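Structural overview for review
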Amino acid sequence: MAKKREVDFSQEEMLKLTGLTRKQFRDALLRFCDMYDFKLVDFKVDETNEKSDFYFAPEIAEPLALMLKHIISHPLYRKNADPSNITATSMAEYNEKLLKDIDETMPTYFNHAVYSLPGQLVAQEISDWSEAFVRELTHFMYNLSRMERQDMGATLKLFTRRLNEMNYYLYRGNYSILKNIELNKKHDMETYGLPDDSDIDKKLQKPNLSIDWLLAELIRWEMEGAHKMRDRGFPELKEILSDENAMMKLIGKKYSLRNREDKELFVDIPNPTAEQQREAYYSFVLGQTVDEGRCQINKNVAKKMKDYRETWKPIDEKIAEGTFEGSTLKGEYKRAVQEEMEKLQSRMDQLQAELDCLDGKAKVPFAFETDDDLKERQSSYVNYCKEIDTKESRLYDIVDHFVGQAMNEFLK
């Protein structure tokens, strides 16, 4: 039986990271496997025996511990939990706990790995805005039926037409983006001989991926490396370094592992601690797998998003504290005029850009799309809507129940 390596996390260390008892830890891990499509043997020394010792490699230990620490807070943690009872605010609260620990407790490597993925920003927005969205939507449903001089039928007609247009243009935008990504990927594969992305890579690049599923897919992706180490017989960091240098010797190069004080591990520090080895393991074994440029861009974007959410207030709150621009008749009218001017200016800029594109050209300035492409996209949209109508009956029932309950509550 292989022994735990210096860099691997023991179960005791995992208990300390999660704050769970042994029984709670096992229960949480079993539920994690069930919820996110893992097998218990994925975390075992012997992949054929669930009763063998646990194996928590540096590739997966930290994000796994984070998931297990908070999984009991997941609205669907209980096996008999009813998905129809899940709320937007409960999911936002769960997201917020994970995001807070990613920022405050996760090692730099994993923190940057998460921030380099598009799903992190989406998860933050969901966490920040769910409660406000539910509040405003509640007010909207109430206003539809309670405003004495408001024609509810006319309002439903208006918003049905607007939603219909929004649905089409949302699909059109997403379709065009995916089409361009597909063409660029095809070009790179043919020109540079690059392989297609794996299923896990494709999932990790999805923007609309909740933070728990993002972490689960990151664990699944990193687990490939952990399993390779298991297949190699659990080599220690010193062995890995020695093997790599044996190959690099052929081209006259040599790797060395150094700590933050620039002292060389296994030379200046003959017996480095587990923590020192893990830090070196993250940089050396896991390698340059994080897009640091994208990470820093996303961190800057995340900060701006947080700053905006912290300063944003609903109009009723601004009125109450006296900061609403339209708190006087003159101010309200001025605000409305300014908004209308901004809309008109934006539209004029768009029209001018279109005119500029037409100069010297015989075709409509949408080079990315021909008439045949347009027909293909619109045909795809028709099929897309049919698929929703036929396959998403449960979603239809949820929306139908929500609107029906709201109408029954307020139309009294």
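Everything in this summary refers to the structure shown in the same document.

**Focus on the overall build of the protein**
Each helix and strand counted, the protein has 16 helices and zero strands in total. Expressed as a percentage of its 412 residues, the buried residues of the protein come to 33%. Put simply, 67% of the contacts in the protein that link residues at least 6 apart link residues at least 24 apart. For the protein, the computed accessible surface area is about 27600 Å², with 53% contributed by carbon and sulfur atoms.

**Regarding the pattern of salt bridges**
Inspection of every chain in the model, using the stated rule, returns 20 salt bridges. In this structure, Glu104 and Lys100 form a salt bridge, with 2.9 Å as the shortest nitrogen-oxygen distance. Of the two residues, Glu104 and Lys100 are both situated in helix H4 (residues 88-104); the distance of four residues between them amounts to about one turn of the helix. According to the relative accessible area criterion, Glu104 is exposed, its value standing at 53%. Between Arg232 and Asp243 there is a salt bridge, with the nearest N and O atoms lying 3.4 Å from each other. Of this pair, Arg232 sits in the loop between helix H9 (211-231) and helix H10 (237-248) while Asp243 sits in helix H10, placing them 11 residues apart in sequence. When its relative accessible area of 44% is taken as the criterion, Arg232 is described as partly exposed. Under the relative-accessibility criterion, Asp243 is labelled partly exposed at 38%. What you see here is one network of salt bridges that share partners, running through Arg135, Glu136 and Asp316.

**Structural notes on unusual backbone geometry**
Although it is not a glycine, Asp37 adopts a positive phi angle of roughly 65°. Looking at where Asp37 falls in the secondary structure, it is placed in the loop between helix H2 (22-36) and helix H3 (61-70). A positive phi is found at Phe234, a non-glycine position, where the angle reads about 60°. Considering the arrangement of structural elements, one finds Phe234 in the loop between H9 and H10. Look at Phe234 and you get buried, because its relative accessible area is 10%.

The rules behind the values
- Residues numbered from 1 in each chain as written.
- Predicted model: local features only at pLDDT ≥ 70, side-chain atom pairs only at ≥ 80, totals over all residues.
- Heavy atoms only, no water.
- Helix = DSSP H or I, 4+ residues; strand = E, 2+ residues; numbered from the N terminus.
- Buried < 20%, exposed > 50% of the residue type's maximum accessible area, 1.4 Å probe, protein only.
- Contact = heavy atoms within 4.5 Å.
- Areas by Shrake-Rupley, 256 points an atom, 1.4 Å probe, with all protein chains shown as cover.
- Salt bridge = Lys/Arg side-chain N within 4 Å of Asp/Glu carboxyl O.

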